[in-house]
Number of protein chains: 2
Amino acid sequence: MRGREVGRSADREAGLTPADAVLLRAFFAGDRRACARLITLAEEGDPSFSPLYDRVFARVGGGLRTGVTGPPGSGKSTLVDRLIEEGRRRGRRVGVVAVDPTSPFTGGALLGDRLRMKAALEDEGVFVRSMATRGSLGGLAKAAVEACDVLDAFGCGEILVETVGVGQAEHDVVSATDTVLVVLHPGAGDGVQAMKAGLMEIADLLVVNKSDLPGADRLAVDVEAALELAGRRGEWRPPVLKTAATTGEGTGALFAEIERHRAFLQEGGGLEAARRRKRAEHLRRVAEEGMRAMIFEEKGYGRAIARALDGGGRGPYAVVGEFLGRLRSSLPEADASEASDGR
Amino acid sequence: MRGREVGRSADREAGLTPADAVLLRAFFAGDRRACARLITLAEEGDPSFSPLYDRVFARVGGGLRTGVTGPPGSGKSTLVDRLIEEGRRRGRRVGVVAVDPTSPFTGGALLGDRLRMKAALEDEGVFVRSMATRGSLGGLAKAAVEACDVLDAFGCGEILVETVGVGQAEHDVVSATDTVLVVLHPGAGDGVQAMKAGLMEIADLLVVNKSDLPGADRLAVDVEAALELAGRRGEWRPPVLKTAATTGEGTGALFAEIERHRAFLQEGGGLEAARRRKRAEHLRRVAEEGMRAMIFEEKGYGRAIARALDGGGRGPYAVVGEFLGRLRSSLPEADASEASDGR
């Protein structure tokens, strides 16, 4: 139905090829393969994605995004399966982006998790997508945000982003969501590892999963203590929840806490402000990537500065300083540039 | 002795303050506190570091750099202690940069490792430095490379860089060294985890540490098989070595293999080529950081593109496309710019 609104003249204006216009119409008509295709284009950084994404972006808004992160073995995938069920129980369409740090030639463990998700795949109201961490750093965070936007525009009211919380890129991915769950499990030093990886600083909710294992209560106490130490600013105090995702114990209460965090954000007007800030971050990533390619490759400054350093006599900062001096003198202020642009 | 070569007029030319000139002279005279201070300035991204680094950079060259990475618990720190001993036995000054992913408010585990290194600190020929992963992504890799350069200019012939091999930033840190050791240990799924994190692709040597534990032989076989699968290009086939760092078993043979890798690089002329490439990568990181700050903050384009997106009507790529168009038309080609610069 929604697809019909997209006029053919508007397609041409937006620089869409006829094939892309067909893809977009299928997507807005609810075609799952079109949705999958758009996410693939985002993942591959395909140039044809840009005008498509801008059209998708105009329909973004309704989806609430939850990031789920934690060390390997914490049972994140099973927990995500439970959250899918909770979302479905409330009649929402659910989208999942699983960021998978699998290297090209291995990856047995996570593949197992994905197989467990197959059950969810038989439900038309659930869309699960796995993305690899290959490629550039900023690239993954950018592609994951775009995949979430695609799922949002596809009508997913509930969007879950799952990552192994180890690297900065994965950190960036979950930080782009509305509510961040950090999942821990009882076991040798896991709490400490998670804290070391800087996960506590981004958590809105802390989950001690596998709560049926020995050491769960102790871990919950340790996490509470670490939260005290962290002395987080702001009015939201991250609750610590215990779940056993395999049996479903505590996952209903967890979902209720996620909803409470959303209500907190919406009441304070914080949701819109945070989303604008995260949106600006995404925009910078897109801009940086283009900027880097244009300045270093297209304009040839990458080769020029390497040559200047090889030439000897000057240190790296002197070479870079000269490069920045050239940029500075060539580039007008943003405001001046806007004015002279006639806008 | 070397400090005397640095003339006072040259100090002024290089834009050094009198205090910085004193610091630099102390550094070149072998003062350990001056060395520590320079690394702190690099770590903090202090603006005063730039002219100092350029002077340090001119003395870089002799140090051979080994990156040591692997999952937590693999015994990297103890192995690094052994490699320090091997370097000292050969009469070399040894520098260690330990990149520590400790969040500000915790970090018991790694602190323990650092305490073990205290023994090494009592030897004047060893310089150990720990760096935190706080701050920006690219920032850490940049600071770690600069710390290695400082140690190199300080006369360390043997430089060891230790990281927990989990994130892209840590990955970048070890990738900047000449020889990369990936350390694994027998235990639940550790080999698989390491392979997933993309560590196999950067390994020049694979070490199965804690070889006295059950499962070590099996892990070594698995790693060999994974290497087959990886089908790495190039003539160097990463060897798999077994060590027990706590007893020192196999660490002499490991050092011999590190030396064999160096000889391989030097014979093929690959060492210089690889170093030039890594040097250019570092230069780009320095340039990118300055470029980002200048364009987004100083020139105001960050605010301008966020405002343009908030204004509505256009998607992110359209907004960024316009921004890049302005950059493109304002900025001359690097070669043209060099010519007009009169160089």
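Whatever comes next refers back to the structure up there.
Every chain begins its residue count from 1, and numbering advances along the sequence as written. Labels are handed out in written order, letters beginning with A for the chains and numbers beginning with 1 for the ligands. In keeping with the predicted nature of the model, local features appear solely for residues at pLDDT of at least 70, side-chain atom pairs appear and are counted solely at 80 or more, and the whole-chain, interface and lining totals rest on all residues. Side-chain figures throughout are based on the complete set of non-hydrogen atoms in the structure, without hydrogens or water.

S.K.: Explain the pairing of strand β6 (residues 205–208) of chain B residue by residue, including any values.
M.R.: Residues and elements named next belong to chain B. In this scheme, a residue with accessible area under 20% of its type's maximum is buried, one over 50% is exposed, and one in between is partly exposed, where area comes from a 1.4 Å probe on protein chains only. Helix and strand assignments follow DSSP, with helices taken as H or I runs no shorter than four residues and strands as E runs no shorter than two, numbered in order from the N terminus. Here β6 shows two buried faces, one formed by Leu205 and Val207 and the other by Leu206 and Val208. In the sheet, strand β5 (residues 179–184) pairs with β6 via four bridges, with the strands oriented parallel. Each bridged residue has a counterpart across the sheet, and for valine 183 the counterpart in β6 is valine 207. Two strands are counted as paired when DSSP detects at least two bridges linking them. The sheet contact formed by β6 and strand β7 (residues 240–242) spans three bridges and is parallel. When the bridges of β7 are listed, valine 208 appears paired with lysine 242.

S.K.: Residues and numbers for the nonpolar core, please.
M.R.: Note on terminology: a nonpolar core comprises buried Ala, Val, Leu, Ile, Met, Phe, Trp, Tyr and Cys residues joined through side-chain atoms within 4.5 Å. If you look at the biggest cluster of nonpolar residues, it comprises 108 residues, and the most contacted ones within it are Phe27, Ile295 and Phe323 of chain A together with Phe27, Ile295 and Phe323 of chain B. Beyond its immediate chain neighbours, meaning those up to four positions away, phenylalanine 27 of chain A contacts Ala34, Cys35, Leu38, Val56, Val150, Ala153 and Phe154 of chain A. When checking whether two residues touch, look at their non-hydrogen atoms; a contact exists if any pair is within 4.5 Å.

S.K.: Mind laying out the packing of aromatic side chains, listing which residues take part and the relevant values?
M.R.: To pair, rings of Phe, Tyr and Trp, with the six-membered ring standing in for Trp, must have centres within 6.5 Å; the planes then decide the type, stacked if under 30 degrees apart, edge-to-face if over 60, and tilted in the middle. Under the defined criterion, the tally for this structure stands at 19 aromatic pairs over all chains. Here tryptophan 236 of chain A and phenylalanine 264 of chain A contribute two aromatic rings whose centre-to-centre distance is 5.2 Å and whose plane-to-plane angle is 45°, an arrangement assigned as tilted. Highlighted residues: tryptophan 236 of chain A in the loop between α11 (216–230) and β7 (240–242) and phenylalanine 264 of chain A in helix α12 (residues 251–267), separated in sequence by 28 residues. For the pair tyrosine 317 of chain A and tyrosine 53 of chain B, a centre-to-centre distance of 5.5 Å together with 85° between the ring planes defines the contact as edge-to-face. Of this pair, tyrosine 317 of chain A sits in helix α15 (residues 316–330) while tyrosine 53 of chain B sits in helix α4 (residues 49–57), which puts the two residues in different chains.

S.K.: Please provide a residue-by-residue account of unusual backbone geometry, values included.
M.R.: The backbone phi angle of lysine 210 of chain A is positive, close to 55°, even though this residue is not glycine. Relative to the helices and strands, lysine 210 of chain A is located in the loop between β6 (205–208) and α11.

S.K.: Tell me about the packing of helix α2 (residues 18–28) of chain A against helix α3 (residues 32–44) of chain A, residues and numbers included.
M.R.: All names here are of chain A. α3 packs onto α2 with a crossing angle of 125° between their chain directions and a minimal axis gap of 8 Å. The orientation of α2 relative to α3 falls into the category oblique. When α2 is examined against α3, the residues Leu23, Ala26 and Phe27 are found in contact with a partner set consisting of Ala34, Cys35, Arg37, Leu38 and Leu41. Any residue outside Ala, Val, Leu, Ile, Met, Phe, Trp, Tyr, Cys, Pro, Asp, Glu, Lys and Arg is labelled polar, Gly included; the first ten of those are nonpolar and the last four are charged. Of the residues belonging to the contact of α2 with α3, the class tally is seven nonpolar, no polar and one charged. Lines fitted to C-alpha atoms define the axes, with helix axes restricted to the stretch in contact, and inter-axis angles between N-to-C directions lie between 0 and 180 degrees. Geometric relationships in this document are graded by angle, where less than 35 degrees denotes roughly parallel, more than 145 denotes roughly antiparallel, 65 to 115 denotes roughly perpendicular, and other angles denote oblique.

S.K.: Report on the side chain of threonine 163 of chain B, specifying residues and quantitative values.
M.R.: Residue and element names in this part refer to chain B. Structurally, the position occupied by threonine 163 is in strand β4 (residues 158–164). For threonine 163, a relative accessible area of 1% corresponds to the buried category. The definition of a polar contact used here is a pair of N or O atoms within 3.5 Å, where within protein one atom must be able to donate a hydrogen and the other to accept one, and adjacent residues in sequence count solely through side-chain atom pairs. Among the polar contacts listed, one links the side chain of threonine 163 to the side chain of threonine 69, at a separation of 3.2 Å. Those residues within four positions of threonine 163 in sequence are excluded, and the remaining contacts are Val68, Thr69, Gly70, Lys76, Val99, Glu170, Val173 and Val174.

S.K.: Give me the lowdown on the packing of helix α3 (residues 32–43) of chain B against α4 of chain B, citing residues and values where you can.
M.R.: All names here are of chain B. Axis separation between α3 and α4 bottoms out at 10 Å; the angle between their running directions is 125°. Viewed along their axes, α3 and α4 adopt a mutual orientation that is oblique. Pair α3 / α4 crosses with left-handed handedness. Of α4, the residues touching α3 (which contributes Leu38, Leu41 and Ala42) are Phe49, Leu52 and Val56. The class makeup of the residues in the contact of α3 with α4 is six nonpolar, no polar and no charged. Crossings are sorted by hand: turned counterclockwise from the far helix by less than a right angle, the near helix makes the crossing left-handed, and turned clockwise it makes it right-handed.

S.K.: Tell me what's going on with the state of the cysteines, and back it up with residues and numbers.
M.R.: Working definition: the covalent bond between the sulfur atoms of two cysteines is a disulfide. Disulfides are defined in this document as cysteine sulfur pairs within 2.5 Å. Counting across every chain of the model gives zero disulfides over all chains. Cysteine 35 of chain A provides the cysteine sulfur closest to cysteine 156 of chain A, a residue in no disulfide bond, and the two sulfurs are 6.6 Å apart.

S.K.: Mind laying out the environment of alanine 274 of chain A, listing which residues take part and the relevant values?
M.R.: Residues and elements named next belong to chain A. Considering the arrangement of structural elements, one finds alanine 274 in helix α13 (residues 270–298). Among the residues examined, alanine 274 registers a relative accessible area of 15% and is labelled buried. Separated by 18 residues in the primary sequence, alanine 274 and arginine 292 have C-alpha atoms spaced 27 Å apart.

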